[in-house]
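# Close look at the chain arrangement
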Amino acid sequence: MKAVIKGLTVGYTDQGKGTPLVFVHAFPLSKAMWQPQVDALKDTYRLITIDLPGHGESDIVLWNDTLDGYAKSIICLLDHLGIAQAVFVGLSMGGYTLFSLYRNYPDRIQGMVLANTRAQADSEEGKAGRRSMAEVAFKEESSAIADLMLPKLLAPSTLDHHSEIVEQVRQMILQTSTATIVVDLVAMAARPDSTDLLPTITCPTLIIVGENDVATPVAESHSMAERIAGSTLVTIPGAGHLSNVEQPAAFNEALQSFLTTHRL
Ligand code: MLT
């Protein structure tokens, strides 16, 4: 599905009935990463997946240097669909975007799932890593980014034994333009530290992490869980950073149990 909002095309899917769940993807992927959740939950909830600007079927916003722009694009889509409140599920960069959503639009949030993400801003070393990745993207195109990112996104066991997942994730990365990759990197490097936001979060919150996540290690999820009152932390065995793709059954079970417990 596509909508033209403020002159820009936004790619999204909207199916099912019930509480709206809005899924926000990771870097440098697209809404396609949420297919295992859509397949499992579409008969029970209203599921919305969105392509952030420049990803999948959405137009790029070249002059976007903060994740607030991404949060705003989500709110614009919800306004377009007539949805006042939703439960948001964000993985990694999607999680960083949820912090921006919470900061700017707390009234729109019924619940949050912070998957494989972190509250801290980038360190100086992390920012330098973003700059060198932007140079690689510019000089060598998305295939070089796929080679760099796959070992960060997937657990060694997934890389060794699930070639279909590796290929699916590689294709998503190859479909992302180098311009989009650079815009994402600039926006992620500029994101503020959200540690102080954590104790102010009052909506039901689920934190999910893969036990073998190297990009956003388990300890960071524990530290978020300690600061968000009443939050639940689920560690998914055998998963790396893309826990929803690598271990969909465990991810879906954690999500479903959270939604049921909180009557969402
Ligand atoms: C992601 O999966 O969105 C990225 O690994 C996030 C990041 O690079 O910080």
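A few points on the structure. None of these values were measured; they are calculated from a predicted model.

If you look at the biggest cluster of nonpolar residues, it comprises 86 residues, and the most contacted ones within it are L29, M33, F88, V169, I173 and L242. The biggest single contributor to this core is helix α2 (residues 67-81), with nine residues. What I173 contacts, discounting residues up to four positions off in sequence, is P28, L29, S142, I145, A146, M149, L150 and L153.

For the rest of this paragraph, the subject is the packing of helix α5 (residues 142-153) against helix α7 (residues 163-174). At a minimum axis distance of 9 Å, the contact between α5 and α7 shows a crossing angle of 135°. Overall, the two elements α5 and α7 adopt an arrangement that is oblique. Crossing of α5 against α7: the hand is right-handed. Together, S142, S143, I145, A146, D147, M149, L150 and L153 of α5 and V166, V169, R170, I173 and L174 of α7 make up the contact between the two elements.

Surveying the vicinity of the ligand reveals the residues A26, F27, S92, M93, Y96, R130, L153, M188 and H241. In this structure, M93 approaches the ligand through a main-chain N or O atom, which is 2.9 Å from an oxygen atom. One of the side-chain nitrogen or oxygen atoms of Y96 is found 2.6 Å away from an oxygen atom of the ligand. Here the shell around the ligand is composed, by residue class, of six nonpolar, two polar and one charged.

Rules of the game
- Residues numbered from 1 in each chain as written.
- Predicted model: local features only at pLDDT ≥ 70, side-chain atom pairs only at ≥ 80, totals over all residues.
- Heavy atoms only, no water.
- Core = buried A, V, L, I, M, F, W, Y, C linked by side-chain atoms within 4.5 Å.
- Buried < 20%, exposed > 50% of the residue type's maximum accessible area, 1.4 Å probe, protein only.
- Helix = DSSP H or I, 4+ residues; strand = E, 2+ residues; numbered from the N terminus.
- Contact = heavy atoms within 4.5 Å.
- Axes fitted to C-alpha atoms, helices over the stretch in contact; angles between N-to-C directions.
- Parallel < 35°, antiparallel > 145°, perpendicular 65-115°, else oblique.
- Left-handed = near helix turned anticlockwise from the far one by under 90°.
- Near = heavy atom within 4 Å.
- Polar contact = N/O pair within 3.5 Å; in protein donor to acceptor, adjacent residues only side chain to side chain.
- Nonpolar A, V, L, I, M, F, W, Y, C, P; charged D, E, K, R; others polar.

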